Amino acid sequence: NAGVTQTPKFQVLKTGQSMTLQCAQDMNHEYMSWYRQDPGMGLRLIHYSVGAGITDQGEVPNGYNVSRSTTEDFPLRLLSAAPSQTSVYFCASSPNRDQPQHFGDGTRLSIL
Amino acid sequence: AQSVTQLDSHVSVSEGTPVLLRCNYSSSYSPSLFWYVQHPNKGLQLLLKYTSAATLVKGINGFEAEFKKSETSFHLTKPSAHMSDAAEYFCVVTLRGGSYIPTFGRGTSLIVHP
């Protein structure tokens, strides 16, 4: 049972490069979310989706895009990487808004 | 709008002694409350949840938490700490009405001494 799978696990980018962080879940969950985790800040919501074709902004959406073409996949795109986007990124899914989230193991991203 | 305050950034205990991790919240609607644990270089794992049923919630690994509406608190406790409990703990609130933006506390690092 894979749960939530994030790829890659590690990535180093140069300022201005773009890339896509992948997230897939096999639990048929409607809700999916992307967070960033920075030291002493907890997790902050970047974007979320309540079902295929529906996305919305979280607390810190600037510099990131998402799409949800299928229930399973929820990729996060960095349009033009900046050093301030150096962070650990977590993807999570849940059946609905009131149920606990299942988290992937994270992507550690460094922007030079 | 909602907010979560974890009152201690670090808690240090000896193995076999009780654990108390404190969480206060504020919300405009009825909240759902969660505690998650994060071991190093891992994602978050659910410990327990409160979603308007019993106010004393039992979770995995001997942890429990009590929802106290009058004190707007949801403190996490365990009678006897194990070395394997050393990790980062996060208190999270979501609203059962309004916008869906789970709010995380900043985390409490639990240190367990032998």
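Predicted model, so just to flag it, every value in this text is computed and none were measured.

What counts and how
- Residues numbered from 1 in each chain as written.
- Chains lettered and ligands numbered in written order.
- Predicted model: local features only at pLDDT ≥ 70, side-chain atom pairs only at ≥ 80, totals over all residues.
- Heavy atoms only, no water.
- Buried < 20%, exposed > 50% of the residue type's maximum accessible area, 1.4 Å probe, protein only.
- Helix = DSSP H or I, 4+ residues; strand = E, 2+ residues; numbered from the N terminus.
- Pairing = 2+ DSSP bridges.
- Contact = heavy atoms within 4.5 Å.
- Buried area = accessible area lost by both parts, 1.4 Å probe.
- Salt bridge = Lys/Arg side-chain N within 4 Å of Asp/Glu carboxyl O.
- Polar contact = N/O pair within 3.5 Å; in protein donor to acceptor, adjacent residues only side chain to side chain.
- Disulfide = S-S within 2.5 Å.
- Axes fitted to C-alpha atoms, helices over the stretch in contact; angles between N-to-C directions.

Moving on, we get to the pairing of strand β4 (residues 31–37) of chain A. Residues and elements named next belong to chain A. Most of β4 sits out of view: seven of its seven residues are buried. Across the two faces of β4 the burial is the same, with Tyr31, Ser33, Tyr35 and Gln37 and Met32, Trp34 and Arg36 all buried. Bridge count for β4 against strand β9 (residues 87–94) is seven bridges, and the pairing is antiparallel. The residue of β9 that forms the bridge with Tyr35 is Phe90. Across six bridges, β4 lies against strand β5 (residues 43–51) in antiparallel orientation. The residue of β5 that forms the bridge with Gln37 is Leu43. If you look at the hairpin formed by β4 and β5, you'll find five residues sitting between the two strands, and Gly40 has a positive phi there, around 75°.

Time to look at the interface of chain B and chain A. Listed per partner, the contact involves 24 residues of chain B and 24 residues of chain A. Taken together, the two surfaces of chain B and chain A that pack against each other cover about 2,000 Å², and 53% of this comes from carbon and sulfur. A per-residue breakdown of the area chain B buries against chain A is headed by Tyr100, Phe104 and Arg106 of chain B, which together make up 34% of the total. Counting across the interface, chain B meets chain A through zero salt bridges. Taken together, the connections running from chain B to chain A amount to three residue pairs in polar contact (both at pLDDT 80 or more). Elements with a contribution of two residues or more to the side of chain B that touches chain A: β5 (31–38), β6 (44–50) and β10 (87–95) of chain B.

Okay, the state of the cysteines next. Scanning the model with the defined rule gives two disulfides over all chains in all. Here Cys23 of chain A pairs with Cys91 of chain A through a disulfide, and the sulfurs are 1.9 Å apart. Looking along the S-S bond of the Cys23 of chain A-Cys91 of chain A disulfide, the torsion reads about -70°, which is the left-handed sense. Of this pair, Cys23 of chain A sits in strand β3 (residues 19–25) while Cys91 of chain A sits in strand β9, and the two are 68 residues apart along the sequence. For the pair Cys23 of chain A and Cys91 of chain A, a shared accessibility class is recorded, and that class is buried. Two residues, Cys23 of chain B and Cys91 of chain B, share a disulfide whose sulfurs are 2.0 Å apart. Between Cys23 of chain B and Cys91 of chain B the disulfide shows an S-S torsion of about -65°. By sign, it is left-handed. Taken together, the positions of Cys23 of chain B in strand β4 (residues 23–27) and Cys91 of chain B in strand β10 put the pair 68 residues apart, joining distant regions of the chain. With respect to burial, Cys23 of chain B and Cys91 of chain B carry one shared label: buried.

What follows concerns the sheet that holds strand β8 (residues 76–78) of chain A. All names here are of chain A. Spatial strand order, β1-β3-β8-β7: four strands in an open sheet with antiparallel pairing. Two strands in the sheet have a free side with no partner beyond their single neighbour: β1 (4–7) and β7 (64–66). The sheet shows a mean angle of 20° between the axes of neighbouring strands, taken without regard to direction. In the sheet, β1 pairs with β3 via four bridges, with the strands oriented antiparallel. For Thr7, the partnering residue across the bridge sits in β3 and is Gln22.

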